[in-house]
Amino acid sequence: MASLPPKHRLESSASEASSAGHDEHHYRPGGLMRWVLTTNHKEIGTLYLIFSLTMFLIGGVFALVVRAELFQPGLQLVQPEFFNQMTTMHGLIMVFGAVMPAFVGLANWMVPLQIGAPDMALPRLNNFSFWLLPIAFTLMLSTLFMPGGAPNFGWTFYAPLSTTYAPPSTTFFILSLHIAGISSILGAINIIATILNLRAPGMRLMDMTLFVWTWLITAFLLIAVMPVLAGVVTMMLMDINFGTSFFNAGGGGDPVLFQHLFWFFGHPEVYIMILPAFGIVSVIIPTFARKRLFGYASMVYATASIAILSFLVWAHHMFVVGLPLVAELFFMYSTMLIAVPTGVKVFNWITTLFRGSISFEPAMLFAIAFVVLFTIGGFSGLMLAISPADFQYHDTYFVVAHFHYVLVPGAVFSIMAGVYYWLPKWTGHYPHLRLSQWHFWLSMIGVNLTFFPMHFSGLAGMPRRIPDYSLQFADFNMLSSIGAFMFGFSQLLFVVIVIMCVRGGKKAPAKAWDGAEDLEWTVPSPAPLHTFEHPPQYRPVEH
Amino acid sequence: MTDVVEDRSPQVRRTVVKTLVVLAGMFGFAFALVPLYDVFCQVTGLNGKTSTSAQTLVHEEVDTERTVTMQFVTRGSAGLPWKLEAHSRQVRVHPGQSTEVYFTFRNLGDQALVARAVPSVTPSPASLHLRKLACFCFDNQRLAPGESFEAPLVFQLTRDLPEEIKTVTLVYTLYPQDQGPDVAVATVADGAPGSDKGRRPASGEDPGGEA
Ligand code: HEM
Ligand SMILES: [Cu+2]
C-alpha cells in the first residue's frame, strides 16, 4: 500500500549491506500492509489461527450440507454428484486447511515463547509459508465453480477415480495441494531450525515442554512424508495430462500402487494431526492438576516411537485390496503395536490427574474430554486393526466414527483447549467463563451425538460416502445430523468468545494460571510484540 | 533479536541444509518406489500380474493326481463399446498340462478402436505359476465397427503351483488404448474366425500394424 514509505526501502537496503535483511525492528508499516509483510512470529501465528478458523467454518458448512442430506433416507437436498464434492472438499479443507494450519499457528506463537527465543529462526520464510495457504485454498475452493465441479473422489483421491474418471478441475486441485504442501514443508523446516538452534542458553532437549517436543517430531514427519504426497500428486498430474500410466492398469500401471503411496504419506499424516495435540494436552493437564507431568521422559519416547512406527502400518487402510496373508498379519500386528506407546500416553495423563488438585477451567475441560474421547477413537482403531474384522468394517460409517473421534474431540478439541489456555497470553484477557463453559458442553454433547451413533450404523453395514441409505439406518442418521448441527452452531459461540476476549474481559497477569510453569508465563500478558530479545536466564526444572 | 538470530545463523543454515537434503531424498524415494514396487511384485507375484510376453512351455510330466479349476472372467470398461467373451467359462486342468482356450473380441460400436485385454490372476501367488505360451493380451487389438475376432490363449500351470490352490481365476479387463502411430497394433483383415489369425508374433511388437 501507499503507506510503505521510502524509509522502509532505505532501511532494507541498509540492512542488506549488513547481511541480515529481516530486522525491521524500528519501523513497521501500518494498516493492512503490516499484516501482509509481517515477519513477527506472534503476528504470523495469529494469521495462521485466523486462517484456520475460517477454513474450519467453511469445511463445517460443507459437513452440514452432507449431514442435512443424510438427515433422512432418500435424496432431498442435493444431487449425488454435489454430495460427493461436499464430502471430498470437507475432508480436504479440514485436514489441510483447518487442523494442520491451526497447529502451525500455535507453534508459531508458542514455540519461541516456550524455548525463550526472540522469533522463529527464519522469519521471512515464515511469512512466505503462511501466504501460500490462502493462495492454495482459494484455488481449491474455486474448483467448486469450475465446469464439471470440484473434486468428487474423496479426500483420499484414489486413482483411477482421481485420474481417468476425474473432473477437469483436478489439475487445479493438484496444484493447490502442491502449494499447501510446500507451505507445510517450509513451516516444518522453520520449526526444526528454531527448536534445534534457538533454545535459551542452558535449555537441553530434555528440558523442553512436550508441546515443543511433539512439534519437533511432527516437523520431522512432515519433512519425511510431504514430499511423498507431492510425488503422488505429480504422478497423478502426469497420468492425467501427459499420458503416463503410473496408476492406469490399461497402460501397465497399478491402481493399488496409488494406495500404497498415498497411505505411506497418509498414515504418518494422521499422526501429524495428533502429535501436537498430545503436546498441548500434556502441558494443560499438569497446569490444572497442579502437578508435574507424570513420566516426562516416557512421553518423549512414546511420541518418538509412535512417529517411527507410523511408517510401518500404512496398509491397515488397504486390508481389502487383496494383500497376501503375511502382509495382512504384518500390518495387523504393527498397527496394534502403536497402541502400546499410545497407551503409555493415556496412562501418563491419567496418572498426572491422579491426586492432583484439579480445577476445571475451560482449557482443562477440553483437555479432559480429549483424553476420554481420543481413547474411544483409539479403541475403535484397534477394532479396525483386526484385519479379518476390518473386512466387515471397511468403508462403513464405523471407520467414519473412528477417525472423527480421533480428529474432532481429538485434534480439534486439543486446539480449542490450547486456544482457551493461551488466549490470556495472546490478548491479556481471560475468555468469558460462562460462555466458554457453554461452548464446551454444547460441543461435547454435539460431538458425541454426531459420531457415537455412527459406530452403530457402521456396524450395521451403512457404507460411507453415499448420499442415500436404507431405512433401517434412519434413526441413527437423524441423531447424527441433529448432533452435527448442534456442534456446528456452537462453534459460532466460539467465534464470539474469541472476539470478545480480544476486545476486553477480565485482565490476565503474566502468569495467568497458577499452576503454569513454562517460560511463556514469565513474559507479560498480552505478550509484547518482541519477547526474549535477550535470552532469558533458564533454570532447568527437574521433570 | 538480530543478535541472537544472527549469532546462530550458521547453525540455522546447517539445519536447513540437512532438512533440504532429507526432503529431496524423500521426493526421489517416492518416485523410486514405483520401479521398486514393480520389481517386488514381479518377484513375489503379489499383484497378480502375468508376464507381458510369451513364455516357453516347461516340459514336465503332467500331474494327473491333481486337478485345478481354471476360471476365465472378462470385463469391459466404461466408454469402450466392446465385448470380450470366453468360449469356456472354466476348464479343469492338471498341473503341467498345456491347454488352449478361445476368446472372442467384438466391437459393438460404430468406430474403429484400439484396445487391450489386461490380465490379472487371483489368487495372486498363482501368477508366478501361470505360463502363457500365446495370448492376445500381449498386443493391442484394433477392431473395425462391428468386427469380431477370435483369439486363443495357450497356457500351462506349472507343477510347482502351491498345493492349497485349487482354483485359479484369470480376469481380462478391456482397456481402450491410444491410437498413436507408435502403438503396436494387431489387426485382422476380415472378421473370419480362425486360430491362425489370432496367433500374433510373441514379441509383442508388431510395428507394421495398420495405424
Ligand atoms: C490406536 C491408534 C489407531 C489405530 C489402531 C488406528 C487404526 C485404523 C485403521 C485400521 C483404519 C482403517 C480402517 C478402514 O479403512 O477400514 C483407520 C482409519 C483412519 N484413521 Fe485410524 N487408527 C488409530 C489412530 C488414529 C489417529 C490418532 C488418527 C488421526 C488423528 C486416525 C485417523 C484415521 C483416519 C483419518 C482414517 C480413515 C482414512 C480414510 O479412509 O478416509 N487414526 N485407523
Ligand atoms: Cu492409518
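Predicted model, so just to flag it, every value in this text is computed and none were measured. (Residues numbered from 1 in each chain as written. Chains lettered and ligands numbered in written order. Predicted model: local features only at pLDDT ≥ 70, side-chain atom pairs only at ≥ 80, totals over all residues. Heavy atoms only, no water.)

**Re the domain arrangement of chain A**
Residues and elements named next belong to chain A.
Part 1 of the reasoning: When cut into domains, chain A gives domain 1 (35-273) and domain 2 (285-530).
Part 2 of the reasoning: For domain 1 and domain 2, the distance between their C-alpha centres works out to 19 Å.
Part 3 of the reasoning: Taken residue by residue, the interface counts 58 residues in domain 1 and 59 residues in domain 2.
Part 4 of the reasoning: Carbon and sulfur atoms supply 76% of the area that domain 1 and domain 2 bury against each other, a total of about 5000 Å² over both sides.
Part 5 of the reasoning: The three residues of domain 1 that bury the most area against domain 2 are Arg67, Phe71 and Leu210, which together make up 12% of that side's buried surface.
Part 6 of the reasoning: At the surface where domain 1 touches domain 2, the tally comes to zero salt bridges. (Domains from an automatic or database assignment. Contact = heavy atoms within 4.5 Å. Buried area = accessible area lost by both parts, 1.4 Å probe. Salt bridge = Lys/Arg side-chain N within 4 Å of Asp/Glu carboxyl O.)

**A look at the UniProt feature "domain: Cytochrome oxidase subunit I profile" (unreviewed entry) in chain A**
Part 1 of the reasoning: The UniProt entry lists residues 35-539 of chain A under the feature "domain: Cytochrome oxidase subunit I profile" (unreviewed entry), expressed in the numbering used here.
Part 2 of the reasoning: Structurally, residues 35-539 of chain A comprises 68% helix and 0% strand, and the distance from its first C-alpha atom to its last is 35 Å. (UniProt positions renumbered as here; feature names shortened; annotations may be inferred. Helix = DSSP H or I, 4+ residues; strand = E, 2+ residues; numbered from the N terminus.)

**Digging into the site of ligand 1**
Residue and element names in this part refer to chain A.
Part 1 of the reasoning: Near ligand 1 you find 23 residues, and of these Trp155, Asp390, His394, His402 and Arg464 are the closest.
Part 2 of the reasoning: His402 places a polar side-chain atom, nitrogen or oxygen, 2.9 Å from a nitrogen atom of ligand 1.
Part 3 of the reasoning: Arg464 is positioned such that a nitrogen or oxygen atom in its side chain is 2.9 Å from an oxygen atom of ligand 1.
Part 4 of the reasoning: Secondary structure elements with two or more residues in the shell around ligand 1: helix H8 (255-272), helix H12 (362-385) and helix H14 (397-427).
Part 5 of the reasoning: Examining the composition of the shell around ligand 1, we find that six residues originate from one element, H12, more than from any other.
Part 6 of the reasoning: In the shell around ligand 1, the residues fall into 13 nonpolar, eight polar and two charged.
Part 7 of the reasoning: Both domain 1 (35-273) and domain 2 (285-530) contribute no fewer than three residues apiece to the shell around ligand 1. (Near = heavy atom within 4 Å. Polar contact = N/O pair within 3.5 Å; in protein donor to acceptor, adjacent residues only side chain to side chain. Nonpolar A, V, L, I, M, F, W, Y, C, P; charged D, E, K, R; others polar.)

**A few points about the sheet that holds strand E8 (residues 148-157) of chain B**
All names here are of chain B.
Part 1 of the reasoning: The four strands are arranged E2-E4-E8-E6 in an open sheet whose pairing can be described as antiparallel. Every interior strand has two partners, whereas the edge strands, strand E2 (82-86) and strand E6 (130-134), have only one. For this sheet, the mean inter-axis angle between neighbouring strands, taken without regard to orientation, is 30°.
Part 2 of the reasoning: When strand E4 (residues 98-107) meets E8, the two strands line up antiparallel, connected through nine bridges. Residue pairing for E8: Ser98 is matched across the bridge by Gln156. (Pairing = 2+ DSSP bridges. Axes fitted to C-alpha atoms, helices over the stretch in contact; angles between N-to-C directions.)

**Some details on the coordination of the copper ion (ligand 2)**
Residues and elements named next belong to chain A.
Part 1 of the reasoning: Protein ligation of the copper ion (ligand 2) involves His267 (ND1), His316 (NE2) and His317 (NE2), the donor distances falling in the range 1.9 to 2.1 Å.
Part 2 of the reasoning: Sequence spacing among the residues donating to the copper ion (ligand 2) works out to H-x48-H-H.
Part 3 of the reasoning: The distance between the copper ion (ligand 2) and the iron atom of ligand 1 comes to 4.5 Å. (Donors = N, O, S within 2.8 Å, 3.2 Å for Na, K, Ca; no water.)

**A look at empty space enclosed by the protein**
Residue and element names in this part refer to chain A.
Part 1 of the reasoning: For the coordinates displayed, the defined rule picks out four cavities of 30 Å³ or more.
Part 2 of the reasoning: Volume-wise, the largest cavity comes out at about 80 Å³.
Part 3 of the reasoning: In this structure, the largest cavity is lined by Tyr48, Phe96, Met100, Pro101, Val104, Leu133, Ala180, Ser183 and Ser184.
Part 4 of the reasoning: Residues that form the lining of the largest cavity fall into these classes: seven nonpolar, two polar and no charged. (1 Å grid on protein atoms, 1.4 Å probe; cavity = no way out; pocket = protein on both sides within 12 Å on 5 of 7 lines; lining within 4 Å. Points joined across faces, edges and corners; volume = space filled by probe spheres on them.)

**Section: the state of the cysteines**
All names here are of chain B.
Part 1 of the reasoning: All chains considered together, the criterion is met by one disulfide over all chains.
Part 2 of the reasoning: Linked covalently through their sulfurs, Cys135 and Cys137 form a disulfide whose S-S length is 2.3 Å. Taking the torsion about the sulfur-sulfur bond, which here is approximately 135°, the covalent link between Cys135 and Cys137 counts as right-handed. For the pair Cys135 and Cys137, one class covers both residues: buried. (Disulfide = S-S within 2.5 Å. Buried < 20%, exposed > 50% of the residue type's maximum accessible area, 1.4 Å probe, protein only.)

**Comments concerning the coordination of the iron atom of ligand 1**
Part 1 of the reasoning: With respect to protein ligation, the iron atom of ligand 1 binds only A:His402 (NE2), at 2.1 Å.
Part 2 of the reasoning: Summarising the element assignment, A:His402 is placed in helix H14.

**Topic: the packing of aromatic side chains**
Residue and element names in this part refer to chain A.
Part 1 of the reasoning: Evaluation of the coordinates by the stated rule reveals 57 aromatic pairs over all chains.
Part 2 of the reasoning: Ring plane angle 70° and centroid distance 5.8 Å describe the contact between Phe157 and Phe258, whose orientation is recorded as edge-to-face. With a gap of 101 residues between them, Phe157 in the loop between helix H5 (123-142) and helix H6 (170-197) and Phe258 in helix H8 connect regions that are remote in the sequence.
Part 3 of the reasoning: You can call Phe258 buried: its relative accessible area is 0%.
Part 4 of the reasoning: With a centroid separation of 5.7 Å and an interplanar angle of 70°, the aromatic rings of Phe262 and Phe265 are classed as edge-to-face. With Phe262 and Phe265 both in helix H8, this residue pair falls three residues apart, about one helical turn. For the pair shown, Phe262 and Phe265 are each scored as buried.
Part 5 of the reasoning: When the ring centre of Tyr430 is taken as reference, the NZ or CZ atom of Lys506 above it lies at 4.7 Å. (Phe/Tyr/Trp six-rings, centres within 6.5 Å; stacked < 30°, edge-to-face > 60°. Lys NZ or Arg CZ within 6 Å of the ring centre and 35° of its normal.)

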